[in-house]
Amino acid sequence: MKKEKYTFLIIALALLGGIVYFATKSDARRTKTTLPIGKTTVEDNGGKAKTKNGVKKTSPVGDVTPSDRNPLLLVKVPSNIANQRINHMAYVCYFNKQHRIPNCIIYELSATEVAQCDAPGAEKRKNYNFNADPLCADSPEWWEYKGSGYDRGHMAPANDMKWDKTAMAECFYMTNMCPQIHALNDGCWRQLENAVHYWAKRDKRVIVAAGPVLKNNMKKIGKDNNISVPGAFYKVVYAPNQGRAIGFIFNNEKITGSYTKHVVSVDYIERMTGLDFFSSVDDKLENKMEAKTDVQMWVDGKEDF
């Protein structure tokens, strides 16, 4: 009788163990954490890939190719500059954890996306808030700029991201921000953003890169006083269909007059920052277009300010 009881007990325990195993496995499947579609985090300059997701995302403008598959969004960053590459759906961030601001933000803007941005049903800026970047451990918090006297200056502007909910949410990540004087952010910098928006519509597509000019001994803000305040900012624009590129540099101060007074060559910006843009372009064309400073090749008088 005792033997039968022990046999029954062993069978019951085995069945109970099986039930617990399958319940746990099923629960693990239900609670598995996944990143938003199309996002990839890659540690550059000696780091290693952390997560990858190459799935296409469907948006109001159709299928969007993940940013890590666009060779024109590759920016070569010197090994002596702290750098983490973060591929978001609509742009790539090259983040500098030493300064807690981006080395560069780069994205492609098409005429189709501009049309969606300018349509009545486009995303509204008022519906989005600043947030820390969930893919960056060193991302500032939204409140770290409060009381600093500086705007959270977008490098990839919200006006270029209104074509999609994910694009808009991502452009409010703090890894897309730099401390900017309000008079610049709402002045010449905004003028240039509006011009680039129009150029994308006119030229069918443009590649846009923007970021700070980093130097030693920059002013600091933030909770731990470790967010650097750049003394200047750059913007680079490349029109692949037309084979031309141009650069701009603005001091981080109140600037009067037109953005056209701040034209420089892409070569000059590369020398100032150490970055290398558009290395996937044919060398002959790259060298030719990156040396030019003729703003008249871009401005046609229809830019909307």
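Residues numbered from 1 in each chain as written. Predicted model: local features only at pLDDT ≥ 70, side-chain atom pairs only at ≥ 80, totals over all residues. Heavy atoms only, no water.

A. Representation of the nonpolar core. M161, W199, V206 and F250 are the most contacted members of the largest nonpolar core, which has 56 residues in total. When residues in this core are grouped by element, the largest group, 8 residues, is from helix 5 (residues 188-203). Residues contacting V206, with those up to four places away along its chain left out, are Y107, E108, L109, V196, W199, A200, V237, Y238, A239 and P240. Within the second largest apolar cluster, 26 residues are counted, among which are L73, I106, A232 and F277. (Core = buried A, V, L, I, M, F, W, Y, C linked by side-chain atoms within 4.5 Å. Buried < 20%, exposed > 50% of the residue type's maximum accessible area, 1.4 Å probe, protein only. Helix = DSSP H or I, 4+ residues; strand = E, 2+ residues; numbered from the N terminus. Contact = heavy atoms within 4.5 Å.)

B. The arrangement of the environment of A137 in detail. Counting through the fold element by element, A137 comes out in the loop between helix 2 (111-117) and strand 9 (151-154). On the basis of relative accessibility, which here comes to 79%, the residue A137 falls in the exposed class.

C. Quick peek at unusual backbone geometry. Phi at R100 is positive, roughly 60°, even though this residue is not glycine. Turning to its location among the elements, R100 is positioned in the loop between strand 7 (92-96) and strand 8 (101-110). With a relative accessible area of 10%, R100 lands in the buried category. The backbone of N225 sits at a positive phi, close to 55°, despite the residue not being glycine.

D. Fine view of the pattern of salt bridges. Within this structure, the stated rule accounts for 7 salt bridges. We note a salt bridge from D300 to R202, for which the minimum N-O separation is 3.1 Å. Of the two residues, D300 sits in the segment after helix 7 (283-289) while R202 sits in helix 5, which places them 98 residues apart along the sequence. Judged by relative accessible area, D300 falls into the partly exposed class, the value being 35%. Via salt bridges that share partners, R202, D203, R244 and D300 belong to a single interconnected network. (Salt bridge = Lys/Arg side-chain N within 4 Å of Asp/Glu carboxyl O.)

E. Local environment of the packing of aromatic side chains. Within this structure, the stated rule accounts for 11 aromatic pairs. One aromatic cluster is present, built from ring pairs that chain together W199, F248, Y259 and W298. It is R152 that lies over the ring of F130; its NZ or CZ is 4.8 Å from the centre. Here the guanidinium or amino end of R244 rests over the ring plane of W298, the centre of that ring lying 4.4 Å away. (Phe/Tyr/Trp six-rings, centres within 6.5 Å; stacked < 30°, edge-to-face > 60°. Lys NZ or Arg CZ within 6 Å of the ring centre and 35° of its normal.)

F. The arrangement of the confidence of the model for the protein in detail. For the protein, per-residue confidence averages 86 on the pLDDT scale, and residues scoring 70 or more make up 79% of the total. Counting interchain partners and residues more than four positions distant, the pLDDT-below-50 stretch residues 46-55 has 21 contacts. (pLDDT = per-residue confidence, 0-100.)

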